[in-house]
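Descriptive analysis of the structure
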Amino acid sequence: MEHEIITTVFGIPIGPTFLSVILLDVILLIILFALKRKISFVPTKLQAFVEVVYEFIEDIAKQVLSSNLVKSLTPYLVFAFIFIWFGNYLGLLPGMETIGFYRHGHFVSLFKGPTSDLNLTLSMGLIVFLSVHVLTLKSKGFKGWIKHFFMTDPLYLVALFLAVGLLELILEPVKYIVLGIRLYGNINAGEMLIGAMSTVPLVAVPFMLLELLVGVLQALIFVGLSIAYFATMLENSH
């Protein structure tokens, strides 16, 4: 199957990944509203699931972040974790990419696994990059932000620190590009492998089970690295 532009809206191309993200957002909103309506002292299965995920991510953040940062960042980290997790699984649904139509003799899929698109994963890496550095500038100011890259003590090593600091400053965005590429590579490779193996009966089943594990692990790795990047910039860690 070939993925291509489905249509354009005001000159903006709409592809299968865009529709998949909309579908995923709708699913998450439905879960959110269902959870909000049934919050109780004795948790339902859905509430218990969300609480376990929240506490799990919160416990990871507590290892390296201050209590104030944990309180403010955990909701966003939990959403990112669930978004990536469910997005990874969305691309594994049987028949997901068979929904579409034929155009000029070849098939155009309406949906594609969101996290198997490099545009989306790089955008998520960019969001983490901007969040980390905007929060650092806001909390420490420009002077505190620049001190993370350049040291001045001892004075006789200033020239060396200047060179290393410039290199680190230039390479800083690379960490977040790699963050997005890592997620894309693992998920896209898994979907391609399952697609290739699905032509042989039952052979794809163990690979599907493996991808279910990979889907949640990749979400955890993305969020775990994001927490590490926040800690590195905001907690005076070098």
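Definitions and cut-offs
Residues numbered from 1 in each chain as written. Predicted model: local features only at pLDDT ≥ 70, side-chain atom pairs only at ≥ 80, totals over all residues. Heavy atoms only, no water. Helix = DSSP H or I, 4+ residues; strand = E, 2+ residues; numbered from the N terminus. Contact = heavy atoms within 4.5 Å. Areas by Shrake-Rupley, 256 points an atom, 1.4 Å probe, with all protein chains shown as cover. Lys, Arg positive; Asp, Glu negative; His and termini not counted. Charge placed at Lys NZ, Arg CZ, Asp CG, Glu CD. Phe/Tyr/Trp six-rings, centres within 6.5 Å; stacked < 30°, edge-to-face > 60°. Buried < 20%, exposed > 50% of the residue type's maximum accessible area, 1.4 Å probe, protein only. Core = buried A, V, L, I, M, F, W, Y, C linked by side-chain atoms within 4.5 Å. Axes fitted to C-alpha atoms, helices over the stretch in contact; angles between N-to-C directions. Parallel < 35°, antiparallel > 145°, perpendicular 65-115°, else oblique. Left-handed = near helix turned anticlockwise from the far one by under 90°. Nonpolar A, V, L, I, M, F, W, Y, C, P; charged D, E, K, R; others polar. Pairing = 2+ DSSP bridges.

Let us now look at the overall build of the protein chain. Within the protein chain, the secondary structure is distributed over six helices and four strands. Starting at the N terminus and walking to the C terminus, you meet the elements of the protein chain as β-β-α-α-α-β-β-α-α-α. When its C-alpha atoms are laid out on the principal axes, the protein chain stretches across 70 × 50 × 40 Å. In the protein chain, 68% of the contacts between residues at least 6 apart in sequence involve partners at least 24 apart. Total accessible area on the protein chain is roughly 14200 Å²; 73% of this is exposed by carbon and sulfur atoms. Side-chain charges of the protein chain comprise 14 positive and 15 negative groups, with the mean position of each set lying 9 Å from the other.

Turning our eyes to something else, we now look at the packing of aromatic side chains. The final tally for this structure, using the stated rule, is eight aromatic pairs. Between F49 and W85 the ring centres are 5.7 Å apart and the planes differ by 45°, which places this aromatic pair in the tilted class. Separated by 36 residues along the polypeptide, F49 in helix α2 (residues 45–62) and W85 in helix α3 (residues 67–90) bring together distant segments of the chain. Note on W85: relative accessible area 15%, which makes it buried. Ring centres 5.4 Å apart and planes at 55° place the aromatic pair F81 and W85 in the tilted group. Of this pair, F81 and W85 both sit in helix α3, separated by four residues, roughly a single helical turn. Taking the relative accessible area as the measure of exposure, F81 reaches 4% and is therefore buried.

Time to look at the nonpolar core. Judged by nonpolar contacts, the single largest core of 40 residues is most densely connected at L65, F81 and F83. Of all the elements in the fold, those that place two or more residues in this core are α1 (16–37), α2, α3, α4 (118–147), α5 (158–197) and α6 (204–234). Ranked by residues supplied to this core, first place goes to α3 with 11 residues. Not counting chain neighbours up to four residues away, the residues in contact with L65 comprise V70, L73, I227, F230, A231 and E235.

A few words on the environment of I12. Mapped onto the secondary structure, I12 falls in strand β2 (residues 12–14). As a C-alpha pair, I12 and I177 span 165 residues in sequence and 24 Å in three-dimensional space.

Secondary-structure assignment places S198 in the loop between α5 and α6. Judged by its relative accessible area of 47%, S198 falls in the partly exposed class. Sequence separation between S198 and I170 is 28 residues, and the spatial gap between their C-alpha atoms is 44 Å.

Another aspect to go through is the packing of α4 against α6. Here α4 crosses α6 at 15°, and the two axes come no closer than 9 Å. Taken together, the axis directions place α4 and α6 in an arrangement best described as roughly parallel. Viewed along their axes, α4 and α6 form a crossing whose handedness is right-handed. On α6, the residues that touch M124, G125, V128, S131, V132, H133, L135, T136, S139, K140 and W145 of α4 are F222, S226, Y229, F230, M233 and L234. Residues belonging to the contact of α4 with α6 are distributed by class as follows: 10 nonpolar, six polar and one charged.

Alignment of strand β3 (residues 100–103) against strand β4 (residues 106–109), held across four bridges, turns out to be antiparallel. Bridging across to β4, F101 finds its partner in V108. Counting the residues between successive antiparallel strands, the hairpin from β3 to β4 contains two residues, one of them, H104, with a positive phi of roughly 55°.

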